[in-house]
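Summary of structural features
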Amino acid sequence: MNMKKQGLAFYLNVLAVILGIVGVILTVVSSTMTTDNALSNLPVLVIAGIVGIILVCIAIYAPNRWGNHDPVSFISVVAAIALYSYLFGAAVSQRIMLIAGLFSYNSGNTAGWSIFYVSVAAWVCLIVGILFLIVGSFLKSVKE
């Protein structure tokens, strides 16, 4: 891989990988902070995040082998966006009751607020990673 030949999409995909890794790690951290607020399907979420990260890595490599906008990187990016979105949506849906409690009757729950802040950081990483993947899918990965 010649680094001088890489386009903007390459760098956006690399950032999406980094954000995906951070998002998965923060999701695990938010689930393991207390046993009362653990995510019920954490192994599935972690596997979805890891597979999404691997797919983005494939999308980084494929254009160097087959050129810009090849079917392999297209399918990898679409699947990675779906997996990052699944991870985001499943984590949010399991945190709804915690968030509702924090913003209404249970605002003094310091452990809950810590979990909320870590969860929001994970969600921001995943959403920004998805945005980078979407923007990068319209750009060239390899300069010609």
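Look up a bit, the structure's there.
In this text the structure is predicted, and so the values were computed from the model without any measurement.

1. A word on the side chain of Ser 31
Note on placement: Ser 31 falls in helix H1 (residues 8-32). Using a relative accessible area of 4% as the deciding quantity, one classes Ser 31 as buried. Setting aside anything within four residues of it in sequence, one finds Ser 31 in contact with Asn 37, Ala 38, Leu 39, Leu 42 and Arg 95.

2. Digging into the state of the cysteines
Across all of its chains, the model carries zero disulfides by this definition. The closest cysteine sulfur to the non-disulfide-bonded Cys 57 is located on Cys 125, 16 Å from its own sulfur. Take Cys 125: its relative accessible area is 12%, and that puts it in the buried class.

3. Examining the packing of aromatic side chains
One pair of aromatic rings is described through two measures. These are the centre distance and the angle between the planes. Under the criterion given, the structure shown has seven aromatic pairs. Summarising the aromatic geometry, the rings of Phe 88 and Trp 123 are spaced 6.3 Å apart at their centres and angled 90 degrees between planes, so their arrangement reads as edge-to-face. With a gap of 35 residues between them, Phe 88 in helix H3 (residues 71-102) and Trp 123 in helix H4 (residues 110-136) connect regions that are remote in the sequence. Taken together, a centroid distance of 5.7 Å and an interplanar angle of 85 degrees make the contact between Trp 113 and Phe 116 edge-to-face. Taken as a pair, Trp 113 and Phe 116 lie in helix H4 at a separation of three residues, close to a single helical turn. With respect to class, Trp 113 is no different from Phe 116; both count as buried. Put simply, the rings of Phe 103, Trp 113, Phe 116 and Tyr 117 pair up and form one aromatic cluster.

The rules we used
- Residues numbered from 1 in each chain as written.
- Predicted model: local features only at pLDDT ≥ 70, side-chain atom pairs only at ≥ 80, totals over all residues.
- Heavy atoms only, no water.
- Helix = DSSP H or I, 4+ residues; strand = E, 2+ residues; numbered from the N terminus.
- Buried < 20%, exposed > 50% of the residue type's maximum accessible area, 1.4 Å probe, protein only.
- Contact = heavy atoms within 4.5 Å.
- Disulfide = S-S within 2.5 Å.
- Phe/Tyr/Trp six-rings, centres within 6.5 Å; stacked < 30°, edge-to-face > 60°.

These values are about where atoms sit, not about what they do.
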